[in-house]
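# Breakdown of the fold
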Amino acid sequence: ATHEQLSGRVIQQDGATSLSNHATHVAGTLIGDGTPVASAKGMAPQATLWAYDWSNDDAEMAAAAANGLLVSNHSYGFATGWSSGPRWWGDTAYSFKEDVGFGLYSSPAISWDQIAEAAPYYLIVKSAGNDRNDAPPSNGTDYEYRTSGTLFSYDSSDPTRSPEQDGGSDGYDCISWAGNAKNILTVGAVDDVLSYSGAGDVGMSSFSGWGPTDD
């Protein structure tokens with residue numbers, strides 16, 4: 001809240017005391033005022049930001065919407081697919097190939113849809129996630145299954161030991177959990193646009209999640 005781009009315009013709503021570089025970065029994208037670096041100006045440089053941590057978000061979203069909040073940003077999500085370690089977060093009860101969370105109309109998505117339906121003027125904005133193209137390790141490399149401590153050796157010839165890269169070979173179907181809700185706006189990331197004259201100047205990033213959803 002004391003950052004030069006944000007000073008005096010961030011109000012912590014839920015008593016959180018820890019700091020996050022990512023949350024501060026996102027806050028700058030939202031409301032940075034360009035002081036003293038004009039190129040760092042955010043999208044709403046005179047706005048006030050209500051800040052929360054991500055705990056208890058469903059109840060806090062519903063309460064804020066009932067009190068007239070019109071838009072909220074949610075640039076966070078659950079670990080899905082491959083992550084550093086290497087670690088695979090999928091559930092083998094559903095698939096040895098793809099994390100079931102990708103494309104799933106899950107309970108978090110249902111909850112957010114219910115919140116949005118109850119507050120039709122409130123827009124929930126969710127990140128599409130950065131999973132696309134996260135790749136498995138090379139053959140013979142150990143990877144951890146979730147946080148179980150169980151290690152497997154990656155073997156591309158063994159279908160029970162070789163989950164695919166996130167998004168598969170074509171990059172699709174790698175938006176996870178609440179990002180698949182139907183009544184919200186899920187937003188991906190594009191490469192820097194240095195000069196805009198039309199849609200052709202915009203290029204999709206290599207990492208941002210793509211749909212479609214499973215349904």
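The sections below set out a description of the structure shown in this document. All values reported here derive from a predicted model rather than from experimental measurement.

We now examine the overall build of the protein chain. Within the protein chain, the regular secondary structure consists of three helices and nine strands. Secondary structure elements in the protein chain, listed N-terminal to C-terminal, are β-α-β-α-β-β-β-α-β-β-β-β. Counting all 215 residues of the protein chain, 33% fall into the buried class. Look at the contacts in the protein chain between residues 6 or more apart in sequence, and 65% of them connect residues 24 or more apart.

Turning our attention to the sheet that holds strand S3 (residues 71-74). Sheet architecture is open: three strands sit in the order S3-S6-S9, paired in parallel fashion. For this open sheet the edge positions go to S3 and strand S9 (185-187), each flanked by a neighbour on one side alone. Recorded for the sheet is a direction-independent mean angle of 20° between the axes of neighbouring strands. Relative to strand S6 (residues 123-127), S3 runs parallel, the two being bridged by four bridges. Along S6, the bridge assignment pairs His74 with Lys126.

On to the packing of aromatic side chains. As enumerated under the stated definition, the model contains eight aromatic pairs in all. Between Tyr143 and Phe152 the ring centres are 5.9 Å apart and the planes differ by 45°, which places this aromatic pair in the tilted class. Among the residues examined, Tyr143 registers a relative accessible area of 3% and is labelled buried. Chaining the aromatic ring pairs together yields one cluster made of Trp82, Tyr143, Tyr145, Phe152 and Tyr154. In this structure, Arg132 is placed above the aromatic ring of Trp210, and the distance from its NZ or CZ to the ring centre is 3.9 Å. Residue placement shows Lys182 over the ring face of Tyr105; its charged tip is 4.5 Å from the ring centre.

What follows concerns helix H3 (residues 107-118). For H3, with 12 residues, the first-to-last C-alpha span of 17 Å sits near the 16 Å given by 1.5 Å per residue. When we look at burial in H3, the residues that qualify are Pro108, Ala109, Trp112, Asp113, Ile115 and Ala116. Down the axis, H3 shows its buried residues gathered within 160° of arc, on one side only. What points out from H3, more than 90 degrees from its buried face, is the exposed set Ser107, Gln114, Glu117 and Ala118. Residues of H3 that are buried in the fold lie against helix H2 (57-66), S3 and S6.

The rules behind these values
Residues numbered from 1 in each chain as written. Predicted model: local features only at pLDDT ≥ 70, side-chain atom pairs only at ≥ 80, totals over all residues. Heavy atoms only, no water. Helix = DSSP H or I, 4+ residues; strand = E, 2+ residues; numbered from the N terminus. Buried < 20%, exposed > 50% of the residue type's maximum accessible area, 1.4 Å probe, protein only. Contact = heavy atoms within 4.5 Å. Pairing = 2+ DSSP bridges. Axes fitted to C-alpha atoms, helices over the stretch in contact; angles between N-to-C directions. Phe/Tyr/Trp six-rings, centres within 6.5 Å; stacked < 30°, edge-to-face > 60°. Lys NZ or Arg CZ within 6 Å of the ring centre and 35° of its normal. Expected span 1.5 Å × (residues − 1). Arc of directions from axis to C-beta.

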